[in-house]
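These are the residues of each chain, in order.
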Amino acid sequence: MFEIQDVKMRKVIDSRGNYTVEATVILDGFCGVSSAPAGASTGATEVLAFPKGGVDSGIEFFNRNVKSSLMGFHAINQVQLDSMLKDLDGSDNFSNLGGNLATAISMANAKAVANALKIPLYRYVGGNLANSIPRPMGNVIGGGKHTRNGTTIQEFLVSSQGKTFLDSAYTNAMVHRRIGEMLSDRFKDQSVGVGDERAWTANISDEDAIELLKAAVKEVSSERKMEIKLGLDFAATSFFENGKYVYRDRKLNKDEQIDYAISMAKDHGFYFVEDPMVDTDFDGFAKVTAAIRDKAIVVGDDLYTTNVERVKKGIEMKSSNGILIKVNQIGTLTATYEAVKVATRSGMKNTISHRSGETTDNFIAHLAVAFSSTFIKSGTIGGERLAKLNELARIEEDLLVL
Ligand SMILES: O=C(O)[C@@H](CO)OP(=O)(O)O
Ligand SMILES: [Mg+2]
């Protein structure tokens, strides 16, 4: 029942209108389908999404060098399947097969097995005792590499702390709506737009964005009588040039950037502070973490790229108390799990995350439960973002009923 009978790879289109891949893994009478997303602010140590020739070369490589080895393979052996993908690729960063093909195959295989076992993916991956639901962390104002002429800081996020997942996700969407109204009031004769992840974007400074965010959160929080945590993703590597952090209106050196990041938690109350420093600066991260760890989580995304070796270095250096998890940064479910396991054992909180270019695949909703994630970062509105958020509302119902 678990023997792989066929694996099909196809091109599909992601939310930015670019090609990506989808895999179908076929077992006897069951199948699993999964597609891989794409980042814009990619970390330097991520695996390569596609080989040099793009999606087509990845599929060609798969058909020539990988497919036949998967035929007849026992799909329940996820760890062996994932290590076989790595071996057949033959590089250390999936530069031949492409990390996105590996991700799609790895996830489709897990889904096929879960289907064959007639249990949801989160139970298959997390076991029967994994039952905590994360909080949604959704970006409401965006800039950086996800927009043009937006804020320097890539994401301003909110996480509503409602009684249910849906309550929280809906309240996040209310903040999003309120910010849209505030921006329209401010730019009376112009229309305001959204970035890749549907967060609002406008030609405003980071300080303006913080003020808008705080004003909108205050209103919605009192209307809903709900705590709303503030978050941000500096994605600092994307504006680090020649040793300086280059903002729209000023340049900061390392120490000034550390102080600025610390002030986000201390003066503005941000609880979630992602990638405050360039992704090579484990030490700078550690300084930010030491200063704010009692009131905030400092989250490594580009710093770790879901890579267990980098996570170990971060633990040793005390670089952060949080980690962002993205399967296609590392290419397989097994390698993702390794990073989550090592990070959480050392006390880091994990946040499972979408990419800026997404598909409608909802596997991160299931992984959030399987990995006991504190947050899921998956936007606030838009079909490809809601595919994950609404799936978590369903999973929550499942967990409450069973
Ligand atoms: O930096 C990030 O956290 C992500 C998702 O929000 O962006 P990208 O997918 O472009 O790397
Ligand atoms: Mg990030």
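Keep in mind that what you see is a predicted model, and the values were worked out from it rather than measured.

Asks: So what exactly am I meant to see when it comes to the domain arrangement of the chain here?
Replies: Many authors give the size of an interface as the accessible area that is lost as the parts come together. Under the domain assignment used here, the chain contains domain 1 (6-118) and domain 2 (135-401). Placing the centre of domain 1 and that of domain 2 at their C-alpha centroids yields a distance of 27 Å. With 32 residues of domain 1 at the contact, the number on the domain 2 side is 31 residues. Of all the secondary-structure elements, those providing two or more residues to the side of domain 1 that touches domain 2 are β3 (31-35), α2 (78-89) and α3 (99-117). Its residues assigned to classes, the side of domain 1 that touches domain 2 shows 14 nonpolar, 14 polar and four charged.

Asks: Is there a simple way to explain the sheet that holds strand β11 (residues 251-252) in this structure?
Replies: Pairing between the strands of a sheet comes from backbone hydrogen bonds, and it takes one of two forms, parallel or antiparallel. An order of β9-β10-β11 is seen for the three strands of this open sheet, with the pairing classed as antiparallel. Where the open sheet ends on each side, the last strands, each with one partner, are β9 (240-241) and β11. Note that strand β10 (residues 244-246) and β11 share two bridges and pair antiparallel. For V246, the partnering residue across the bridge sits in β11 and is K251.

Asks: Looking at this structure, I do not really get the sheet that holds strand β1 (residues 6-13). What am I missing?
Replies: A sheet is described by the order of its strands in space; here three strands give the open sequence β1-β2-β3, paired in antiparallel fashion. If you trace the sheet from one side to the other, it starts and ends with β1 and β3, each paired once. Taken pair by pair, the neighbouring strands of this sheet meet at an average axis angle of 20°, ignoring direction. Bridging between β1 and strand β2 (residues 19-26) involves eight bridges; their strand directions are antiparallel. If you follow M9 over to β2, its bridge partner there is A23.

Asks: How do you make sense of the site of ligand 1 when you look at a structure like this?
Replies: In the neighbourhood of ligand 1, 15 residues make up the surrounding shell, with G39, A40, S41, R355 and S356 lying closest. Here the shell around ligand 1 is built from residues that sort into three nonpolar, six polar and six charged.

Asks: Would you take a moment to explain the nonpolar core for this structure?
Replies: Nonpolar side chains in soluble globular proteins generally cluster together in the buried interior. Residues V140, L213 and V273 are the most contacted members of the largest nonpolar core, which totals 119 residues. Take this core: its biggest share by element is nine residues, from α3. In contact with V140, other than residues within four places in its own chain, are F156, L157, V158, V175, H176, I179, A199, W200, L213 and T380.

Asks: Help me understand the environment of D14, please; the structure alone is not making it clear to me.
Replies: Tracing the backbone shows D14 in the loop between β1 and β2. When the 21 C-beta atoms within 10 Å are taken as the criterion, D14 is described as buried.

Asks: Explain the UniProt feature "domain: Enolase N-terminal" (unreviewed entry) in the chain to me, please; I cannot follow it from the model alone.
Replies: Feature annotation in UniProt places "domain: Enolase N-terminal" (unreviewed entry) on residues 4-125, given in this structure's numbering. Regarding residues 4-125, the helix share stands at 43% and the strand share at 17%, and the terminal C-alpha atoms are separated by 19 Å.

Asks: Help me understand the pairing of β3, please; the structure alone is not making it clear to me.
Replies: Regular strands show a simple pattern: their side chains alternate between the two faces of the sheet. Bridging between β2 and β3 involves five bridges; their strand directions are antiparallel. For T24, the partnering residue across the bridge sits in β3 and is V33. Where β2 hands over to β3, the hairpin turn is made up of four residues, of which G29 adopts a positive phi near 90°.

Asks: Even after reading the chapter, I still don't get the pairing of strand β5 (residues 155-160), so can you show me in this structure?
Replies: β5 sits mainly inside the fold: six of its six residues count as buried. Sheet topology places strand β4 (residues 135-142) next to β5; four bridges connect them, and they run antiparallel. Across the sheet, the residue bridging to G142 is E155, located in β5. Sheet topology places β5 next to strand β8 (residues 228-233); six bridges connect them, and they run antiparallel. Bridge pairing links S160 to I228 in β8.

Asks: Explanation requested: unusual backbone geometry in the structure shown.
Replies: Excluding glycine, most residues fall at negative phi; most peptide bonds, likewise, are trans. Backbone geometry places K118, a non-glycine residue, at a positive phi of 60°. Note on placement: K118 falls in the loop between α3 and α4 (121-126). Residue K118 is classed as exposed on the basis of its 7 C-beta neighbours within 10 Å. One non-glycine residue, K225, lies in the positive phi region at around 50°. Among the secondary structure elements, K225 is positioned in the loop between α6 (206-224) and β8. Judged by the 7 C-beta atoms lying within 10 Å of it, K225 is exposed.

Asks: Help me out: how do you make sense of the packing of helix α7 (residues 254-266) against helix α8 (residues 282-292) in this one?
Replies: When two helices pack together, their arrangement is given by the angle between the helix axes and the distance between those axes. Where α7 meets α8, the closest approach of the two axes is 9 Å, and the angle between their N-to-C directions is 30°. Relative to α8, the element α7 lies roughly parallel. Note that α7 runs across α8; the crossing there is right-handed. Contacts from K254, I258, A261, I262, A265 and K266 in α7 reach G284, K287, V288, A291 and I292 in α8. Of the residues that constitute the contact of α7 with α8, the class distribution is seven nonpolar, one polar and three charged.

How each quantity is defined
Throughout this document, residue positions are counted from 1 along each chain, in the order its sequence is written. Chains and ligands are labelled sequentially in the order written, the chains with letters from A and the ligands with numbers from 1. Residues qualify for local features only when their pLDDT is at least 70, as the model is predicted, and side-chain atom pairs are given and counted only at 80 or more; totals for whole chains, interfaces and linings, by contrast, use all residues. All the domain ranges listed were derived from an automatic or database domain assignment. Think of it this way: build a C-beta for each residue from its backbone, and any pair within 7 Å is a contact. Helix and strand assignments come from DSSP, with helices taken as H or I runs of at least 4 residues and strands as E runs of at least 2, each series counted from the N terminus. The classification used treats Ala, Val, Leu, Ile, Met, Phe, Trp, Tyr, Cys and Pro as nonpolar, Asp, Glu, Lys and Arg as charged, and all other residues, Gly among them, as polar. Criterion used throughout: strands pair if DSSP finds at least two bridges between them. For every element, the axis is a line fit to its C-alpha atoms; helices are fit only across the contacting stretch, and the angle between N-to-C directions ranges from 0 to 180 degrees. Each residue receives a C-beta atom built from its backbone; the residue is near a molecule or strand if that atom lies within 6 Å of it. As used throughout, a nonpolar core is a set of buried Ala, Val, Leu, Ile, Met, Phe, Trp, Tyr and Cys residues joined through C-beta atoms within 7 Å of each other. Counting other C-beta atoms within 10 Å of a residue's own tells you its class, since 20 or more makes it buried, 12 or fewer makes it exposed, and anything in between is partly exposed; those C-beta atoms are placed from the backbone. UniProt positions are given in the numbering used here, feature names are shortened, and annotations may be inferred rather than shown by experiment. Should an angle fall under 35 degrees it is called roughly parallel, over 145 degrees roughly antiparallel, and 65 to 115 degrees roughly perpendicular, with every other angle called oblique. Two helices cross in a left-handed way if the nearer one is turned anticlockwise from the farther one by less than a right angle. They cross in a right-handed way if the turn is clockwise.

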